[in-house]
Amino acid sequence: MQSLIEHARQFPARIAGQQGAYAALARGQQPQALFITCSDSRVIPSLITGARPGDIFEVRTAGNIVPPWQPQAACAVGGSLEFALEALEVPDIVVCGHSHCGAVKGLLREQDVRSMPLVRGWLTRAGHRTGRNAPAAASSTEEELAPAVQRHVLTQLDHLRSYPCVTRRLETGRLRLHAWYYTVETGEVLACAPDGRTFRPL
């Protein structure tokens, strides 16, 4: 923790020569994309994309889960999504899964999260038990886990389409959806067309 504290202390001095850019940020934001990814500490959207402050609006959840739209349900993910589209008018949404994802492992092997009731409850929002992209079997290796994570990402895109604010923009061509898969050990990013099922290098 101490290294993080020191970095925060030194940050104002490090950006002293960029006062104009930071002053512009204080007047508002126009991010290029909404980036929905996992809370995992190994996945850093700005590092992967080279984003500068103001470039991406981030939503991070365990397992990059986007719960399906429910009109009467208060949901931080839904609220952030609505703000990104209605207030910021972002033109792109990226849902990015990753290798070695503990949340997807928990979906495949419930015993891994048996002692974490809040995590178990959250994972029920992933939509796999009845979804067409449901994992077929418990995976024990990363080679087997990767396809499950990729199917999981596509399921979350399906959930996004259930939100009226998303549907309206897709119908009028004002929004594009992107499915990404990030490999922690190599840094490689794979992408899949929203209407496809195969992930390929960007």
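In this text, all values refer to a predicted model and were calculated from it rather than measured experimentally.

## Concerning helix α4 (residues 76-87)
Here is step 1 of the chain: With 12 residues, α4 should reach 16 Å at 1.5 Å per residue; the first-to-last C-alpha distance of 16 Å fits that figure.
Here is step 2 of the chain: Of the residues making up α4, those classed as buried are Val77, Gly78, Leu81, Ala84 and Leu85. What you see down the axis of α4 is that its buried residues fit within an arc of 130 degrees, all on one side.
Here is step 3 of the chain: Immediately downstream of α4, the backbone of glutamate 89 shows phi near 55 degrees, a positive value.

## Regarding the packing of aromatic side chains
Here is step 1 of the chain: Within the structure shown, the criterion is met by three aromatic pairs.
Here is step 2 of the chain: Ring plane angle 80 degrees and centroid distance 5.7 Å describe the contact between phenylalanine 35 and tryptophan 180, whose orientation is recorded as edge-to-face. Of this pair, phenylalanine 35 sits in strand β1 (residues 33-38) while tryptophan 180 sits in strand β4 (residues 176-182); the two residues are 145 residues apart in sequence, bridging distant segments of the chain. Here phenylalanine 35 and tryptophan 180 have matching classes, each one buried.
Here is step 3 of the chain: Between phenylalanine 57 and phenylalanine 83, the ring centres sit 6.0 Å apart and the planes meet at 35 degrees, which makes this aromatic pair tilted. Here phenylalanine 83 lies in helix α4 and phenylalanine 57 lies in strand β2 (residues 56-61), a separation of 26 residues in the sequence.

## What about the sheet that holds β1?
Here is step 1 of the chain: Here six strands make up an open sheet; going across it, the order is β2-β1-β3-β4-β5-β6 and the pairing mixed. Edge positions in the open sheet fall to β2 and β6 (200-201), since each of these has one partner strand only.
Here is step 2 of the chain: Judged from the two bridges that link them, strand β5 (residues 189-192) and β6 form a sheet pairing that is antiparallel. Within β6, the residue paired with leucine 190 across the bridge is proline 201.
Here is step 3 of the chain: Where helix α7 (residues 142-160) meets the sheet, it contacts β1, β3 (92-98), β4 and β5, and its direction lies at approximately 160 degrees from that of β4.

## What to know about the nonpolar core
In globular proteins that are soluble, nonpolar side chains generally tend to be buried together.
Here is step 1 of the chain: If you look at the biggest cluster of nonpolar residues, it comprises 41 residues, and the most contacted ones within it are Leu34, Ile36, Leu81, Leu85, Ile93, Leu160 and Phe199.
Here is step 2 of the chain: Here this core takes eight residues from α7, the largest share from any one element.
Here is step 3 of the chain: Within the second largest apolar cluster, 10 residues are counted, among which are Val43, Ala51, Tyr182 and Ala191.

## A few points about the pattern of salt bridges
Here is step 1 of the chain: Enumeration according to the criterion identifies seven salt bridges in this entry.
Here is step 2 of the chain: Arginine 168 serves as the salt-bridge partner of glutamate 86, at 2.9 Å between the closest nitrogen and oxygen. In this pair, glutamate 86 is assigned in helix α4 and arginine 168 in helix α8 (residues 164-171), connecting sequence segments 82 residues apart.
Here is step 3 of the chain: With relative accessibility at 42%, the residue arginine 168 sits in the partly exposed group.
Here is step 4 of the chain: Its salt-bridge partner being arginine 109, residue aspartate 112 comes within 3.3 Å of it at the nearest N-O pair.
Here is step 5 of the chain: The exposure class assigned to arginine 109 is partly exposed, which follows from its relative accessible area of 31%.
Here is step 6 of the chain: A single network of salt bridges, built from pairs that share partners, joins Glu86, Arg168 and Arg169.

## A look at unusual backbone geometry
Here is step 1 of the chain: At glutamate 89, a residue that is not glycine, the phi angle is positive and equals roughly 55 degrees.
Here is step 2 of the chain: Mapped onto the fold, glutamate 89 is located in the loop between α4 and β3.
Here is step 3 of the chain: Using a relative accessible area of 57% as the deciding quantity, one classes glutamate 89 as exposed.
Here is step 4 of the chain: Although it is not a glycine, histidine 100 sits at a positive phi angle of roughly 60 degrees.
Here is step 5 of the chain: Within the secondary structure, histidine 100 sits in the loop between β3 and α5 (102-108).
Here is step 6 of the chain: The exposure class assigned to histidine 100 is partly exposed, which follows from its relative accessible area of 25%.

Reading the values: rules and limits
Residues numbered from 1 in each chain as written. Predicted model: local features only at pLDDT ≥ 70, side-chain atom pairs only at ≥ 80, totals over all residues. Heavy atoms only, no water. Helix = DSSP H or I, 4+ residues; strand = E, 2+ residues; numbered from the N terminus. Expected span 1.5 Å × (residues − 1). Buried < 20%, exposed > 50% of the residue type's maximum accessible area, 1.4 Å probe, protein only. Arc of directions from axis to C-beta. Phe/Tyr/Trp six-rings, centres within 6.5 Å; stacked < 30°, edge-to-face > 60°. Pairing = 2+ DSSP bridges. Contact = heavy atoms within 4.5 Å. Axes fitted to C-alpha atoms, helices over the stretch in contact; angles between N-to-C directions. Core = buried A, V, L, I, M, F, W, Y, C linked by side-chain atoms within 4.5 Å. Salt bridge = Lys/Arg side-chain N within 4 Å of Asp/Glu carboxyl O.

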